[in-house]
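The lines below spell out each chain.
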Amino acid sequence: MYHQQDRYEVPVREKTQTVYVEGDSERDVRYKLKDHNINIEFIQRIEGAHLEYEQQNEDFKVLEL
């Protein structure tokens, strides 16, 4: 998921952050994050080779909710 730290912040590419959240669907992820004060820009499902590639990054961490 791509997001801004503040719910009311205008999306700026240079300030966009990424977090990995496990969920069954985009709706499920949005529900899990509803109490966090963040501005969700985009939720993208990753799987297969894309997921394997991301898991190789030392910063890869799944947000536990």
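The structure we're discussing is the one just above.
So, about the sheet that holds strand S2 (residues 17–18). If you trace the 3 strands from one edge of the open sheet to the other, you get S2-S1-S4, paired in antiparallel fashion. Unpaired on one side and paired on the other, S2 and strand S4 (39–42) mark the two borders of the sheet. Note that strand S1 (residues 2–4) and S2 share 2 bridges and pair antiparallel. Residue Tyr-2 lies in a different strand from S2, and its bridge partner there is Thr-18.

Moving on, we get to the environment of Arg-7. Relative to the assigned elements, Arg-7 resides in the loop between S1 and S2. Classification of Arg-7 as partly exposed rests on a relative accessible area of 36%. For Arg-7 and His-36, which are 29 residues apart along the polypeptide, the C-alpha to C-alpha distance reads 8.5 Å. Beyond its immediate sequence surroundings of up to four residues, Arg-7 is in contact with Lys-34, His-36, Asn-37, Ile-38 and Asn-39.

Definitions and limits used
Residues numbered from 1 in each chain as written. Predicted model: local features only at pLDDT ≥ 70, side-chain atom pairs only at ≥ 80, totals over all residues. Heavy atoms only, no water. Pairing = 2+ DSSP bridges. Helix = DSSP H or I, 4+ residues; strand = E, 2+ residues; numbered from the N terminus. Buried < 20%, exposed > 50% of the residue type's maximum accessible area, 1.4 Å probe, protein only. Contact = heavy atoms within 4.5 Å.

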